[in-house]
Structures are given as structure tokens and as C-alpha cells.
Amino acid sequence: MSQALKINSSSEPYADLPQICARLLEAKAQKGLSFEAIGKAIGHDEVWVAALFYGQAKATSEELAKLSEVLDIPAASLHAEIGENWFPRRGLGPVPPQDPLLYRLFEGVLVYGTPIKALIHEKFGDGIMSMIDCKVSVERKENPKGDRVLLTFDGKFLPYLRW
């Protein structure tokens, strides 16, 4: 008989999330599923699914019903905690981040943010890259010197209005 997996919901980043988020992660672990597998089952990308599990995305009623089936979590619990009346509070944790991986991503923006901004302005004009209309992917790229992490932010360019 397998032991029930538990997440300390009072620790970061879980303390700032709805309690159902810990249940989602526990059910994912108990079933041995990846975010990719769950995404395929409910019709979404793995990054979007991970964002949902960490309270950073909002699911429809239909998506919650599919998630309920995949993870064997009562649909009523999902609807009560992250259903129609709940909206994500986007952005988790302290700034700067304390987690080493998150800090390196933060450091990447600190070091390369202004150069990337300059390149976007040079190639697109005065505007921003949307994080609302944006797809993010994480890929593993084999390399003889050590595998590489390939992050892609595929965001819509939004020009500033002139009036």
C-alpha cells in the first residue's frame, strides 16, 4: 500500500495559494503524472497546467471537470476553491527570489532585461511583449558539455498607443 504524499502547505510557495493547490500537487505525485501528461489529458500545454497548479492560471468549469477525472479529486472541491468565483493572484514569493533556480531566472532578467528590451524596440518599435498573450515552453537540449535548458517566451508584441 502506498503512503499518502503530503505537501507542507504552510511553507513557500504554498502558504499563499488556495489549499486545493497542494491537493492538486499531491494527487499528481500519487498518480505519478507529469504536467505534460495532465496537459494532454485536459487539452493544455504543460506550462499552463503547472501555472494552474500554482494558482497562476484560471481554469474553466469544463477544464476543472476534466482535471477532476484525471486526478480523482471531487469536482465540487475544485469548483469551490478555484472555480468561477476565484481569480489568480499572480506572482509568487519574495523579490528577489530565495530559491536558487528562481533567483537565476530573476538574475537573467536583471542582466539581460535591458539588452532584450533594446532589441525588441529595435526590431518591433516602441512597445512591450505581452505576458497575457504569451506561450512559454521548457525544453531539454542535449549538449556534450551538459544538457541545456531552453526557455521560450512566445509573446505578442503590443505597441504603445500614440494619441
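Refer to the structure presented above.
Keep in mind that this is a model prediction, so the values were computed, not measured.

### Here we look at the overall build of the protein
Helix and strand counts for the protein stand at 6 helices and 2 strands. Each principal axis of the C-alpha atoms in the protein carries an extent, and together these give about 55 × 50 × 30 Å. Here the protein, with 163 residues, has 23% of them falling under the buried criterion. Taking the intrachain contacts of the protein between residues at least 6 apart in sequence as the baseline, contacts between residues at least 24 apart amount to 56%.

### Some words on the environment of V136
Its location among the elements puts V136 in strand β1 (residues 127–141). Apart from the residues within four sequence positions on either side, V136 is in contact with D45, V47, T152 and F153.

### Side note on the environment of K31
In this structure, K31 sits in helix α1 (residues 19–31). Given the relative accessible area of 39%, K31 is considered partly exposed. The spacing of K31 and E12 is 19 residues in sequence and 23 Å in space, taken between C-alpha atoms. Setting aside its immediate chain neighbours within four residues, K31 contacts V70, L71 and D72.

### Quick look at the pairing of strand β2 (residues 148–159)
As judged from the 11 bridges shared by β1 and β2, these two strands associate in the antiparallel manner. Counterpart to R140 in the pairing with β2 is V149.

### Regarding the packing of aromatic side chains
Within the structure shown, the criterion is met by 3 aromatic pairs. Taking 6.1 Å as the distance between ring centres and 45° as the angle between the ring planes, the aromatic pair formed by Y103 and F106 counts as tilted. One end of the pair, Y103, and the other, F106, are both in helix α6 (residues 100–124), 3 residues apart, so they sit about a helical turn from each other. Its relative accessible area of 29% is what places Y103 among the partly exposed residues. Ring centres 5.1 Å apart and planes at 25° place the aromatic pair F124 and F157 in the stacked group. Residue F124 is found in helix α6, and its partner F157 is found in strand β2; the two are separated by 33 residues along the sequence. On the basis of relative accessible area, F124 is assigned to the exposed category, the value being 53%.

Criteria and thresholds
Residues numbered from 1 in each chain as written. Predicted model: local features only at pLDDT ≥ 70, side-chain atom pairs only at ≥ 80, totals over all residues. Heavy atoms only, no water. Helix = DSSP H or I, 4+ residues; strand = E, 2+ residues; numbered from the N terminus. Buried < 20%, exposed > 50% of the residue type's maximum accessible area, 1.4 Å probe, protein only. Contact = heavy atoms within 4.5 Å. Pairing = 2+ DSSP bridges. Phe/Tyr/Trp six-rings, centres within 6.5 Å; stacked < 30°, edge-to-face > 60°.

All quantities given are derived from atomic positions and should not be read as evidence of function.
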